[in-house]
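Coordinates in review
Residue strings, one per chain:
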Amino acid sequence: MSLENVIIIGSGPAGLTSAIYSARANLKPLMIEGEESGGQLMTTTEVENFPGFEHGVTGPDLIAVMRKQAERFGTRFITKNVTKVDFSQRPFKVWIRDQEYQAKSIIISTGASAKYLGLPSEKQYLSKGVSACATCDGAFFRNVPVAVIGGGDTAMEEANFLTRFASQVYIIHRKDSFRASKIMADRALKNPKIKVIWDSEIIEVVGDGKKVTSVKLSHLKTKSVSDLSVEGVFVAIGHKPNTDLFKGLLEMNETGYLVTKPHSSYTNIEGVFAAGDVQDHVYRQAITAAGSGCMAAIDAERWLEGQEF
Ligand code: NDP
């Protein structure tokens, strides 16, 4: 079995940027990209805020060029899911079912997944009006009404942000009070463009096949059903970091995000680095993920230089 310099787990912008940097540093990275490679950008239509693409780029196209760039410098890819890891001793071990791989260093960039309501109609209209990221997609909803689902800080932040574009923003929340911090909740409640629909849940996203036209709401106390005309549905009910593989092995915060040392990509295990949304619940942007992927590759390269194997 060959001993890899670095295995990168996950293939969104963080992982691919770390692959580009570590490949150019001649580390010959092995990327285990997952069966559904590319991460959250694969479900994003237009990306208008990634520097370098003046006229925007689709999420899948952005991932495709990053992947080609990583490949060009010698990154090798395995399109499978990692099933187990052992970081308790060096070399580190990574398994894809029965197949074992060994590495001197590891970069984890498994990302986070937005939580969705789980409705079939929500899935049908994903990227056709349904989004989990106002920063990414808000600008596509100029002068039309939109809905934001959730009662946490993300929902408040997204609703406020969306008032810049939308004609009207509805916050649909299943309770009669928000769990968001008071300051964020007050800001939303005071915004004249925001209307809160309490004690309600979406039971169906309705559209014309191409885009969303309304949502069907159920009032949880009265059980009455109503239609609300909106063209955008922003699901803001939280994210889940993809860290199940690392439970009990790496330090995580209370919501499961990997903890990295300040201003670095170092985890609590030397030689194991983390980049992108798996360790960032604050910014969650392709560009910040890419930036932290660059940090992880540089950290890994410098750390490897100081080691004897
Ligand atoms: P939270 O878990 O705080 O809130 C999720 C919200 O979604 C809750 O109101 C919850 O309802 C609702 N929800 C969950 N599941 C469903 C469902 N299936 N159907 C309908 N509603 C649902 O997540 P956030 O993403 O808002 O925040 C995560 C963390 O990030 C928090 O610690 C937050 O403070 C922080 N954050 C901070 C920001 C800032 O300070 N600028 C900005 C954004 C986030 P219920 O209340 O009924 O449980």
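Read on for an overview of the structure. Everything numeric here is computed off the predicted structure, so don't read it as measured data.

A closer look at the pattern of salt bridges
When the charged atoms of two side chains lie near each other, side chains of opposite charge can form a pair. One pass over the full model with this rule turns up 11 salt bridges. Across the pair Glu33 and Arg67 runs a salt bridge whose closest N-O atoms are separated by 3.0 Å. In this pair, Glu33 is assigned in the loop between β2 (30-32) and β3 (46-47) and Arg67 in helix α2 (residues 59-72), connecting sequence segments 34 residues apart. According to the relative accessible area criterion, Glu33 is buried, its value standing at 5%.

Notes on the site of the ligand
Of all residues adjacent to the ligand, which total 16 residues, the nearest are Asp153, Thr154, Arg174, Lys175 and Arg179. Contacts to the ligand include Glu157, whose side-chain N or O atom sits 3.1 Å from a nitrogen atom. In the model, an oxygen atom of the ligand is placed 2.9 Å from a nitrogen or oxygen of the Arg174 side chain. In isolation the ligand offers 920 Å² of accessible surface; the protein chains occlude 68% of this area. Its residues placed into classes, the shell around the ligand shows four nonpolar, seven polar and five charged.

Things to note about the packing of helix α1 (residues 13-24) against α2
Closest axis-to-axis distance for the α1/α2 pair is 8 Å, and the angle between their directions is 25°. Between α1 and α2, the angle is such that the two are roughly parallel. The handedness of the crossing between α1 and α2 is left-handed. Of α2, the residues touching α1 (which contributes Pro13, Leu16, Ala19, Ile20 and Ala23) are Ile63, Met66, Arg67, Gln69 and Ala70. Of the residues contributing to the contact of α1 with α2, the split by class is eight nonpolar, one polar and one charged.

Side note on the environment of Asn143
Looking at the element boundaries, Asn143 is found in the loop between α4 (134-137) and β11 (145-149). With 165 residues separating them along the chain, Asn143 and Glu308 place their C-alpha atoms 60 Å apart. Excluding its chain neighbours within four sequence positions, the residues that come into contact with Asn143 are Phe165, Ala166 and Ser167.

Observations regarding a positive patch on the surface
On the surface, Lys115, Arg174, Lys175 and Arg179 cluster together to form a positively charged patch. Residue placement: Arg179 occurs in the loop between β12 (168-172) and α6 (182-190). Among the residues examined, Arg179 registers a relative accessible area of 71% and is labelled exposed.

Things to note about the packing of aromatic side chains
One pass over the full model with this rule turns up nine aromatic pairs. Seen from their ring centres, Phe178 and Trp198 are 4.6 Å apart, and the 45° between their planes marks the pair as tilted. One end of the pair, Phe178, is in the loop between β12 and α6; the other, Trp198, is in the loop between β13 (194-197) and β14 (200-207), and 20 residues separate them in sequence. Feature note: the residues Tyr266, Phe273, Trp303 and Phe309 constitute an aromatic cluster, connected by ring pairs.

Observations concerning the environment of Ile106
Relative to the assigned elements, Ile106 resides in strand β8 (residues 99-108). Classification of Ile106 by relative accessible area gives buried; the value is 0%. Linking Ile106 and Ala274, residues 168 residues apart in sequence, is a C-alpha distance of 8.3 Å. Sequence-distant contacts of Ile106, defined by excluding residues within four places in its chain, comprise Ile7, Ile9, Phe87, Phe92, Val94, Gly271, Val272 and Phe273.

Observations regarding the sheet that holds strand β15 (residues 212-219)
Spatial ordering of the open sheet is given by β14-β15-β16, a layout of three strands whose pairing is antiparallel. Strands with a single pairing partner mark the edges of an open sheet, and in this sheet they are β14 and β16 (225-229). Taken over all neighbouring pairs, the strand axes of this sheet differ in orientation by 30° on average, direction set aside. Judged from the five bridges that link them, β15 and β16 form a sheet pairing that is antiparallel.

Things to note about the nonpolar core
Within the largest apolar cluster, 27 residues are counted, with the highest numbers of intra-cluster contacts made by Leu16, Phe50, Leu62 and Ile107. Not counting residues up to four positions away in its chain, the partners in contact with Leu16 are Ser11, Met31, Ile63, Met66, Arg67, Ala70 and Phe77. Residues Leu30, Val82, Ile108 and Leu250 belong to the second largest nonpolar core, which totals 22 residues.

Quick notes on the packing of α1 against helix α7 (residues 286-305)
For the pair α1 and α7, the least separation of the axes is 7 Å and the interaxial angle reads 40°. Relative to α7, α1 is oriented so that their crossing is right-handed. Touching Pro13, Ala14, Thr17, Ser18, Tyr21 and Ser22 of α1 are Ala286, Ala289, Ala290, Gly293, Cys294, Ala297 and Ile298, all from α7. Considering only residue class, the contact of α1 with α7 consists of nine nonpolar, four polar and no charged.

The rules behind each value
- Residues numbered from 1 in each chain as written.
- Predicted model: local features only at pLDDT ≥ 70, side-chain atom pairs only at ≥ 80, totals over all residues.
- Heavy atoms only, no water.
- Salt bridge = Lys/Arg side-chain N within 4 Å of Asp/Glu carboxyl O.
- Helix = DSSP H or I, 4+ residues; strand = E, 2+ residues; numbered from the N terminus.
- Buried < 20%, exposed > 50% of the residue type's maximum accessible area, 1.4 Å probe, protein only.
- Near = heavy atom within 4 Å.
- Polar contact = N/O pair within 3.5 Å; in protein donor to acceptor, adjacent residues only side chain to side chain.
- Areas by Shrake-Rupley, 256 points an atom, 1.4 Å probe, with all protein chains shown as cover.
- Nonpolar A, V, L, I, M, F, W, Y, C, P; charged D, E, K, R; others polar.
- Axes fitted to C-alpha atoms, helices over the stretch in contact; angles between N-to-C directions.
- Parallel < 35°, antiparallel > 145°, perpendicular 65-115°, else oblique.
- Left-handed = near helix turned anticlockwise from the far one by under 90°.
- Contact = heavy atoms within 4.5 Å.
- Patch = residues over 30% accessible without salt bridge, like charges linked within 9 Å, V, L, I, M, F, W, Y side chains within 5 Å.
- Lys, Arg positive; Asp, Glu negative; His and termini not counted.
- Charge placed at Lys NZ, Arg CZ, Asp CG, Glu CD.
- Phe/Tyr/Trp six-rings, centres within 6.5 Å; stacked < 30°, edge-to-face > 60°.
- Pairing = 2+ DSSP bridges.
- Core = buried A, V, L, I, M, F, W, Y, C linked by side-chain atoms within 4.5 Å.

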